[in-house]
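Commentary on secondary and tertiary structure
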Amino acid sequence: MLDICILGTPRFEHEGRPVAADTRKASALLAYLAVEGPARRDTLAALLWPESADSQARATLRRTLSALRTAMGSDSVETDREQIRLTKHVRTDLAVFRDAISETRRHDHGEADVCHECIPHLKGAVDAYRGDFMAGFSLRDSPEFDDWTRTTAEGLRLEVGRAYERLAAAYAADGDFRSAIEAVTSWLELDPLREPAYRQLMLLYAWSGDGAGATAAYRQCVATLDEELGVDPLEETTELYEAILDNDLPPSPGLRRRVLARPAEKPALPLGLIDRQAELETLFEALGAGLRGRVIRIVGEAWLGKTRLTEELKTEAAKLAVPIVSARGYRAESQLPHGVVAQLLASLVTSDDWAAAKAGVPDWALSEAGAVYPELANPRLQARDDAFGEVRLYDALFKILTSISPVIIVDDAQWADHTSLAFLTFLAHRISTVETLLVITHRPDEDRTLRSLIEATPAPDHLAMVLEPITSAQISGRTHDAETLIHRTGGIPALVAEALEAESTVTVTPSVRRFMEVRLVDLNDLTHQILTAAAVLNGTCDFDLLREVSGRNEEEVVDSVETLVARRILNETVDGGLEFAIDSLETLVYEAANFVRRRLLHRRAAIALQNRPRAMTDAGLATAVAQHLRDGGQDSEAADWYVKAGDLSRRVFAAAEAVASYRAALALGHSDVSHLHQAIGEALLFLGRFNEAHAEFEKAAAHGSGADRAAAEHMIGEANRRLGRLDSALSQFEIAEMGHPNPTALYCDWALALLRSGDRKAAREKADRAVVAAEKGDEATRSRALAILGTVSSHRAESRKALEEALELAGNDPVSRMAALNALGYSYAQTANDDMAMSCVQEALTIASTIGDRHRQAALYNHLADLHHRSGRVSDAESSLTEAVKLFAEVEPGSWEPEVWLLTRW
């Protein structure tokens, strides 16, 4: 009997005695036959002797076979004129490994599941793996063989990693956490970059009561990913760590099952909703109630049926001929400005009702919406290119999306981008004025993210339906052992449905991950490749992109997509795109692909997206290009695209997305460090995060020189002014004066700081300087200078004239117009013209709310409260003051005297 050991350093034994394979080529030949099985002579000759002529290579192969028979026995190798194969008298450690894994498939459970009887087989499998395939072995003159060795070794590492994962799950199900931890530790020694292994290790330590061990596992994960890849852990890893700290863990596995040694039945896919009848009736009632403006939120954890309820609502609406538009938030697209809004517009434009409804939509609205969805642009009109366009944009979107009185559905709103959430808040606030039903689904831990939207519509126009896991009482009449079924499924409706449909001898998969793996069973290699490409595209997938990224032809992609849609792995979206039916399934497919292939696909995706017409002007596309370049290992190019994405995001008021993009560029080593810190600080200042902005401006000053440093010193002073640190602000303004690239902006902020400190004379001197410096500037610059002059002037007629001129010059620039309106409102109030004052402040408040300038909102609500109070409207004053306090708390928690809070004039 010939024993071939190729897992680890290769060695060969004949009847228990070590033997030499004569040459390295002979060892390579045995290894190839052991893995691949019978092989053609010409294949082996070309693989092992690529530099020799065909006849010479085949002659060398014959001599090598003769030597092998002599050393290892004539019964070890069989040959004929075409093929060479190992005989049944040969054993390999690889066969031992795979036979042990195969034994676990004979048990009464799915291939991805485990049981107590799996343990000895899995333990035998991992024990057979003594090291990487053909460790330390190579053929210098055959790069093709070395490539084959590396590929085979990588595949086997993934197989043994999966065996360790299943072994740990089996030990944990038996309550043997120590052995489970040892299995996962061995897995990490094999593959230290495997993030799911760290999550499993953290859970095992937590379940065993070793909180310190769970923390150490997380720290090891963070350090390893940072050192080896320069990346942070995935969000789900961090969320798990925080859950462990909060002692908010999923229940530990507790499988206790009787095993029948027979082939497992293929689990049926779950069908239908389980006990969501009350929620369905509520939704259907809303459809039949004339669709008077209403917001319905469906709140629940993943897999509790939120999306399925909206699908049922769509089906019912179709029966009643009620138009629907829908969109979905994606985690990967949470930084793409107006991403969800663009989906809603695509859903509307592709509907059967749009042709008739379009006639009633004003041309100006179509042109404005064209900035978000170009297909709506009217070629005869062009949207005005100014910052104040955001105000008109929201009105345009509102008119268009409610033009056919639709049902508007936004699924997974917790991952919607900030700009889309701002519009949805705008829509919710006006929902009672139109016959539109707005349905939002989100996870319960995202209430804070959606707070503005939630509060925009008070009861009774706002209904929240909170979904909970299915209880045993709800299914007690459908099964004889409801308690056990709920324990095994966690009450997840899809898994409960699967259990109820299966025969009593089939065990329900106990976790969402294993259930998802069942969906991937029997997919062929081509379909797996297409699915991997879809996972890499993550939320931006359409047919053309999928074809370009996968590298497959059109017919192959069509066939694979049809299979994946039929299996409910992918869904087709209304705008012709493709999305995963389950987010976690997307993660599973992505992580299953090897690192090299993921990089290749990301690079293809970046090239494909760069060739899209709007890549240079659309913040969402630019961000997607940057992300793919980063994940494709092209850090320098990715950094440049992140800067471009940040600049484009700021143009459409997406400040939070801009911050994320700029920081990503810094993390990738972009050379313009000072500029990026300055841009981050300005975006944070817009968001009202003054202390964070201050820190960024400090970094900008540290890295900058000349005019750049002067601009950074100015902004340090401005952050201090907003925080009420007036002495520090004045000192910084003095430092910034020398070589400042924009003296108008400096003198304006300087004048306000002096006014706040009580030195009106000095404030007037700086305001005059601002006006002089602004003479050669644009209208927005002159408007700002005149608004400051009007604010600091002690002469009422001069002040009013300057402010009116400032308002006229402001035009549609939102910041300039807002400042002029606020100052003019204060001026009217000083002359007891409360109606005009109120009109100015309310218009300014609309602008601040629309563009998301929260600290200006706080100031304007405070100003409005003063006006209401002086007019005797106590209730309105209290309401406005409450809003101001709420916004102030969000702007800079813990900072008690920001400039914007103390001043009515700014």
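Report follows, based on the coordinates. (Residues numbered from 1 in each chain as written. Predicted model: local features only at pLDDT ≥ 70, side-chain atom pairs only at ≥ 80, totals over all residues. Heavy atoms only, no water.)

This part covers the overall build of the protein chain. For the protein chain, the helix and strand inventory stands at 42 helices and 14 strands. The burial tally for the protein chain puts 53% of its 906 residues in the buried class. Taking as baseline every contact in the protein chain between residues at least 6 positions apart, the subset at least 24 positions apart corresponds to 66%. For the protein chain, the accessible surface area stands at approximately 40200 Å², while carbon and sulfur atoms represent 48% of it. (Helix = DSSP H or I, 4+ residues; strand = E, 2+ residues; numbered from the N terminus. Buried < 20%, exposed > 50% of the residue type's maximum accessible area, 1.4 Å probe, protein only. Contact = heavy atoms within 4.5 Å. Areas by Shrake-Rupley, 256 points an atom, 1.4 Å probe, with all protein chains shown as cover.)

Turning next to helix α35 (residues 760–773). The end-to-end C-alpha distance of α35 is 20 Å, a good match for the 20 Å that 14 residues give at a rise of 1.5 Å each. Those residues of α35 that sit buried are Ala 763, Lys 766, Ala 767 and Ala 770. Considered in projection along α35, the buried side chains sweep an arc of 105° and stay on one side of the axis. Relative to its buried face, α35 has exposed residues pointing more than 90 degrees away, namely Lys 761 and Val 772. (Expected span 1.5 Å × (residues − 1). Arc of directions from axis to C-beta.)

Most of strand β9 (residues 324–328) is tucked away, with 5 of its 5 residues classed as buried. The alternating pattern of β9 places Ile 324, Ser 326 and Arg 328 on one face and Val 325 and Ala 327 on the opposite face, and all of these are buried. The pairing of β9 with strand β10 (residues 407–411) spans 5 bridges and is parallel. In the strand pairing of β10, Ser 326 is matched with Ile 409. (Pairing = 2+ DSSP bridges.)

The 5 strands lie next to each other as β9-β10-β11-β8-β12, forming an open sheet whose pairing is parallel. A single partner strand is all that each edge strand has here, and the edge strands are β9 and β12 (462–466). Pairwise comparison of adjacent strand axes, ignoring direction, gives a mean angle of 15° for this sheet. Against the sheet, helix α11 (residues 277–287) touches β8 (294–299), β10, β11 (437–442) and β12, its axis set at about 155° to β12. (Axes fitted to C-alpha atoms, helices over the stretch in contact; angles between N-to-C directions.)

Okay, the environment of Thr 60 next. Mapped onto the secondary structure, Thr 60 falls in helix α3 (residues 54–72). The class of Thr 60 is buried, set by a relative accessible area of 15%. With 35 residues separating them in the primary sequence, Thr 60 and Lys 25 have C-alpha atoms 9.8 Å apart.

With respect to the helices, strands and loops of the structure, Thr 310 is situated in helix α12 (residues 306–319). Ignoring any residue separated from it by four or fewer positions in sequence, one finds Thr 310 in contact with Ile 298, Ile 409, Asp 411, Val 439 and Thr 441.

Turning our attention to the pattern of salt bridges. Counted according to the given criterion, the structure contains 38 salt bridges. Here Asp 141 makes a salt bridge to Lys 25, at a shortest N to O gap of 3.1 Å. Of the two residues, Asp 141 sits in the loop between α5 (118–128) and α6 (143–173) while Lys 25 sits in helix α1 (residues 24–36), which places them 116 residues apart along the sequence. Among the residues examined, Lys 25 registers a relative accessible area of 12% and is labelled buried. (Salt bridge = Lys/Arg side-chain N within 4 Å of Asp/Glu carboxyl O.)

A few words on a negative patch on the surface. Where like charges cluster on the molecular surface, the negative patch consists of Glu 554, Glu 555, Asp 559, Glu 562 and Glu 572. Element by element, the count of residues in the negative patch is highest for helix α24 (residues 554–566), at 4 residues. Position of Glu 555 among the secondary structure elements: in helix α24. Using a relative accessible area of 58% as the deciding quantity, one classes Glu 555 as exposed. (Patch = residues over 30% accessible without salt bridge, like charges linked within 9 Å, V, L, I, M, F, W, Y side chains within 5 Å. Lys, Arg positive; Asp, Glu negative; His and termini not counted. Charge placed at Lys NZ, Arg CZ, Asp CG, Glu CD.)

Here we take up the packing of aromatic side chains. Enumeration over the complete set of coordinates arrives at 12 aromatic pairs. Note on Tyr 32 and Trp 148: the rings are 4.8 Å apart at their centroids and 50° apart in plane angle, and the pair reads as tilted. Here Tyr 32, found in helix α1, pairs with Trp 148, found in helix α6; they are 116 residues apart in sequence, far enough to count as distant. What makes Tyr 32 buried here is its relative accessible area of 14%. (Phe/Tyr/Trp six-rings, centres within 6.5 Å; stacked < 30°, edge-to-face > 60°.)

We now examine the sheet that holds strand β5 (residues 77–79). Taking strand neighbours across the sheet as the criterion, the 3 strands line up as β4-β6-β5 in an open arrangement whose pairing is antiparallel. The two strands at the open ends of the sheet, each matched to only one other strand, are β4 (39–40) and β5. Note that β4 and strand β6 (residues 83–86) share 2 bridges and pair antiparallel. When the sheet's bridge partners are listed, Arg 40 is paired in β6 with Gln 83. Its contacts with the sheet put α1 on β4 and β6, and the angle it makes with β6 is roughly 80°.

Next up on the list: the pairing of β10. Regular strands show a simple pattern: their side chains alternate between the two faces of the sheet. With 5 of 5 residues buried, β10 lies mostly within the body of the structure. Bridge analysis of β10 against β11 gives 4 bridges, and the strand direction is parallel. What sits directly across from Val 407, in β11, is Leu 437. After leaving β10, the chain enters helix α17 (residues 418–429) and then returns to the sheet as β11, a path that is right-handed. (Right-handed = clockwise from strand over helix to strand, strands pointing away.)

Our focus in this paragraph is a positive patch on the surface. Positive charge collects at one region of the surface, where Arg 58, Arg 62, Arg 63 and Arg 81 lie side by side. Mapped onto the elements, Arg 81 comes out in the loop between β5 and β6.

What follows concerns the packing of helix α29 (residues 655–667) against helix α30 (residues 673–686). Interaxial distance between α29 and α30 falls to 9 Å at its minimum, and their mutual angle equals 160°. Judged by the inter-axis angle, α29 sits roughly antiparallel to α30. α29 and α30 meet at a crossing whose hand is left-handed. Together, Ala 655, Val 659, Tyr 662, Arg 663, Ala 665 and Leu 666 of α29 and Val 673, Leu 676, His 677, Ala 679, Ile 680, Ala 683, Leu 684 and Phe 686 of α30 make up the contact between the two elements. Classifying every residue of the contact of α29 with α30 by side-chain character gives 12 nonpolar, 1 polar and 1 charged. (Parallel < 35°, antiparallel > 145°, perpendicular 65-115°, else oblique. Left-handed = near helix turned anticlockwise from the far one by under 90°. Nonpolar A, V, L, I, M, F, W, Y, C, P; charged D, E, K, R; others polar.)

Take a nonpolar patch on the surface next. Together, Leu 193, Leu 229, Val 231, Phe 595 and Val 596 make up a nonpolar patch on the protein surface, roughly 410 Å² of accessible area in all. With respect to the helices and strands, the residue Val 596 is situated in helix α26 (residues 595–610).

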